[in-house]
Amino acid sequence: MPSIHDLATWEPLLRLLWAGNAESLAAPGGHVAGRIGRAGWSVPLPPRFPPPGRALQVEDMQDEFDAVERVQNALADDGADGISFVAEISPNGRTVLSLLTTGPAVEAGLGAYPGSLLLVENAVPEPWRRLPEPLPAAAASSADLALLERTLRERIPGATGATDAEIAAVEARLGVALPDELEVLYRVTRGRWEDWGDDRAAARSVSEAVGCELFPLDELYIADAPSRFCPWRFAAMEAVVTPPDAAVQGLVGSPGWIAFGDTGGGDRVAIDLTPGPRGHLGQIIVLDHEQSIGADLLADSLTDLVVNRRRDWYSGRRRDEPPVVARVNIRSLTSVQAAAHPQLEVLSIGVWESEPLGLAPVIGLPRLRTLTAYPGTLADPLEIAKLTGLEFLELGPEEWRVLLDAGAVPRGLSAAAIVVHGDRHPIPVVGIANELLALWDRPPITQTILEGDLGPVA
């Protein structure tokens, strides 16, 4: 099997790309780019359409599957997870293939473009560093250990409960004692499907009895911030906000959130030992898998969840509003001045159809840590140098070029990103990324160039 750095590995895919993009490749600066990983791929091939009267079949795309699999096998042999590529193919078949390999300092991006650049090793965005506020809280009046146990035993007779040793083992692993209600639950059933043998109906009755898909005791985990991964460019746009009337603190995660189940749709169910100002100790919350921050209240207590069969938790997509997160664009705030506020943490400047904007209104704001700006929206990118508290900055290539040439890239950054729109050639973007990585002495994106001749079109 040829290696990942052998043109023969890529030849079947390159021929498909040439055939599918012949016109654009023949134009000045023409190129195709994408990414192939061990578990998926993104390549610019035209959509396939089945013959009239039937659905698209695997065999309709077999040539693409085979070509991609050839590259994936080479990745596996090389021990690599993925690789990006940029190909320039002339009308006579002359080919220049650039292979781009990212190291630990670059997150995955779209196609061949780099994702966020991790300028400081192990740094995480500010919301992921936030711990819960130590707010006084009492258990809900609905918490009733005897009622909880009685109800569970009535609904799931014959269940195998956890032993003292099993409870002690999970507490040692988690580093925290199980709340009384959670301990009662697992002493009734330890949640292992194998305890029910082939009786799948009996196993499913556990979920119906508890109100969620119960994790086995040894799969309980602390739903802290590190357990809720989010790429830097999205995580930096979040903000921790807990209104005074909130039942749940608006955190990414908490050492007091013990996840013990799932809604069946990928949303985690947890018991909350660090509730919000209006919450109760031991309340049941849901961590929406489509959100990166915050949680919703499901029940006042585990007893309430089980006895009253609480199921309604979804409160809709959480929206950050000024002053903490501000978005200036053609459909939101209409000026940087309107976004300026002492509490401002995140400023996003999006699509803009008027004169470029100045940053003077937000210079000196004490909490501003994230700035993202759509290419061409800033009147003077050098004003960014006056935003001394930034930890994340996302700009277009031209704006980064201005800062790099002036030696004005803010050195307090922990991460950065290059936003690209349109079919821009990835190699110059990779060059800018490597200049930024070099300022922090971080591992660069490596480029391997392969040249060859595909010959005439088949």
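Residues numbered from 1 in each chain as written. Predicted model: local features only at pLDDT ≥ 70, side-chain atom pairs only at ≥ 80, totals over all residues. Heavy atoms only, no water.

## Concerning the overall build of the protein chain
Looking only at helices and strands, the protein chain has 13 helices and 17 strands in total. Dimensions of the protein chain, computed from C-alpha atoms along their principal axes, come out at roughly 80 × 60 × 45 Å. Buried residues in the protein chain amount to 48% of all 458 residues. Long-range contacts, defined as pairs at least 24 residues apart, comprise 62% of the intrachain contacts of the protein chain with a sequence gap of at least 6. A total of about 21400 Å² of accessible surface is found on the protein chain, and carbon and sulfur atoms cover 52% of it. Of the side-chain charges in the protein chain, 37 are positive and 63 negative, and the distance between the mean point of each set is 2 Å. (Helix = DSSP H or I, 4+ residues; strand = E, 2+ residues; numbered from the N terminus. Buried < 20%, exposed > 50% of the residue type's maximum accessible area, 1.4 Å probe, protein only. Contact = heavy atoms within 4.5 Å. Areas by Shrake-Rupley, 256 points an atom, 1.4 Å probe, with all protein chains shown as cover. Lys, Arg positive; Asp, Glu negative; His and termini not counted. Charge placed at Lys NZ, Arg CZ, Asp CG, Glu CD.)

## With respect to helix H12 (residues 397-406)
Within H12, burial applies to Pro-397, Glu-399, Trp-400, Leu-403 and Leu-404. Relative to the axis of H12, the buried residues are bounded by an arc of 160° and lie together on one face. Looking at the buried side of H12, the elements it contacts are strand E15 (392-395), strand E16 (415-418) and helix H13 (426-439). Looking one or two residues beyond H12, the residue adopting positive phi is Gly-407, at roughly 60°. (Arc of directions from axis to C-beta.)

## Focus: the pattern of salt bridges
Two side chains carrying opposite charge are able to pair once their charged atoms lie near each other. For the structure on display, the rule yields 21 salt bridges. One salt bridge connects Arg-130 with Glu-126, and the closest N-O pair in it is separated by 3.0 Å. By relative accessible area, which is 24% here, Arg-130 ends up partly exposed. By sharing partners, the salt bridges in this structure join Glu-126, Arg-130, Glu-345, Arg-367 and Arg-369 into a single network. (Salt bridge = Lys/Arg side-chain N within 4 Å of Asp/Glu carboxyl O.)

## Here we look at the packing of aromatic side chains
Counting across every chain of the model gives four aromatic pairs. Relative to Tyr-221, the ring of Phe-215 lies with its centre 6.3 Å away and its plane at 25°, an arrangement referred to as stacked. Owing to a relative accessible area of 24%, Tyr-221 belongs among the partly exposed residues under this scheme. Centre to centre, the rings of Trp-232 and Phe-392 are 5.9 Å apart; their planes meet at 20°, and the pair counts as stacked. Separated by 160 residues along the polypeptide, Trp-232 in helix H9 (residues 232-235) and Phe-392 in strand E15 bring together distant segments of the chain. The pair formed by Trp-232 and Phe-392 is uniform in burial state, with each residue classed as buried. A cation over a ring is seen here: Arg-411 above Trp-440, with NZ or CZ 4.5 Å from the ring centre. (Phe/Tyr/Trp six-rings, centres within 6.5 Å; stacked < 30°, edge-to-face > 60°. Lys NZ or Arg CZ within 6 Å of the ring centre and 35° of its normal.)

## Overview of the sheet that holds strand E2 (residues 41-42)
Sheet strands associate in pairs through backbone hydrogen bonding, adopting either a parallel or an antiparallel arrangement. Sheet architecture is open: five strands sit in the order E2-E1-E3-E4-E17, paired in antiparallel fashion. Edge strands, defined here as strands with exactly one partner in the open sheet, are E2 and strand E17 (446-453). Bridging between strand E3 (residues 82-89) and strand E4 (residues 94-101) involves six bridges; their strand directions are antiparallel. Paired with Ser-84 across the two strands is Leu-100, which belongs to E4. (Pairing = 2+ DSSP bridges.)

## Quick look at the sheet that holds strand E13 (residues 346-349)
An order of E5-E16-E15-E14-E13-E12 is seen for the six strands of this open sheet, with the pairing classed as mixed. One side of each edge strand has no neighbouring strand; the edge strands of this open sheet are strand E5 (117-118) and strand E12 (325-328). Bridging between E5 and E16 involves two bridges; their strand directions are antiparallel. For Leu-118, the partnering residue across the bridge sits in E16 and is Ala-415. Strands E15 and E16 of the sheet are contacted by H12, whose axis makes an angle of about 120° with E15. (Axes fitted to C-alpha atoms, helices over the stretch in contact; angles between N-to-C directions.)

## Thoughts on the pairing of E15
Residues Phe-392 and Glu-394 line one face of E15 and the alternating positions Leu-393 and Leu-395 line the opposite face, and both faces are buried. In this sheet, E15 lies alongside strand E14 (residues 370-373) in parallel orientation, the contact comprising three bridges. Across the sheet, Thr-370 pairs through a bridge with Phe-392, a residue of E15. Here E15 pairs with E16 via four bridges, running parallel. Paired with Glu-394 across the two strands is Ala-417, which belongs to E16.

## So, helix H6 (residues 164-174)
Where H6 is concerned, the buried positions are Ile-167, Val-170 and Leu-174. Looking straight down H6, one finds that the buried residues subtend no more than 70° of arc, so they occupy a single side. Along H6, the residues that are exposed and aim more than 90 degrees away from the buried face are Asp-164, Ala-165 and Ala-172. Against helix H7 (180-188), strand E7 (221-222) and strand E8 (257-262) lie the buried residues of H6. Positive phi shows up at Gly-175, right after H6, with a value of about 80°.

## Regarding the packing of H12 against H13
Orientation of H12 relative to H13, taken along the N-to-C sense of each, is 40°, at an axis distance of 11 Å. The orientation of H12 with respect to H13, classified from their angle, is oblique. Here H12 and H13 pass one another in a crossing that is left-handed. Counting all contacts with H12, which are made through Pro-397, Trp-400, Arg-401 and Leu-404, the residues of H13 involved are Val-429, Ile-432, Glu-435, Leu-436 and Leu-439. Among the residues making up the contact of H12 with H13, the classes are represented as seven nonpolar, no polar and two charged. (Parallel < 35°, antiparallel > 145°, perpendicular 65-115°, else oblique. Left-handed = near helix turned anticlockwise from the far one by under 90°. Nonpolar A, V, L, I, M, F, W, Y, C, P; charged D, E, K, R; others polar.)

## Comments concerning the nonpolar core
By size, the foremost hydrophobic cluster in this structure holds 55 residues, and its most contacted members are Leu-182, Tyr-186 and Phe-260. Setting aside anything within four residues of it in sequence, one finds Leu-182 in contact with Leu-220, Ile-258, Phe-260, Ile-271 and Leu-302. Ala-112, Val-409, Ala-416 and Val-420 belong to the second-largest nonpolar core, a separate cluster that totals 46 residues. (Core = buried A, V, L, I, M, F, W, Y, C linked by side-chain atoms within 4.5 Å.)

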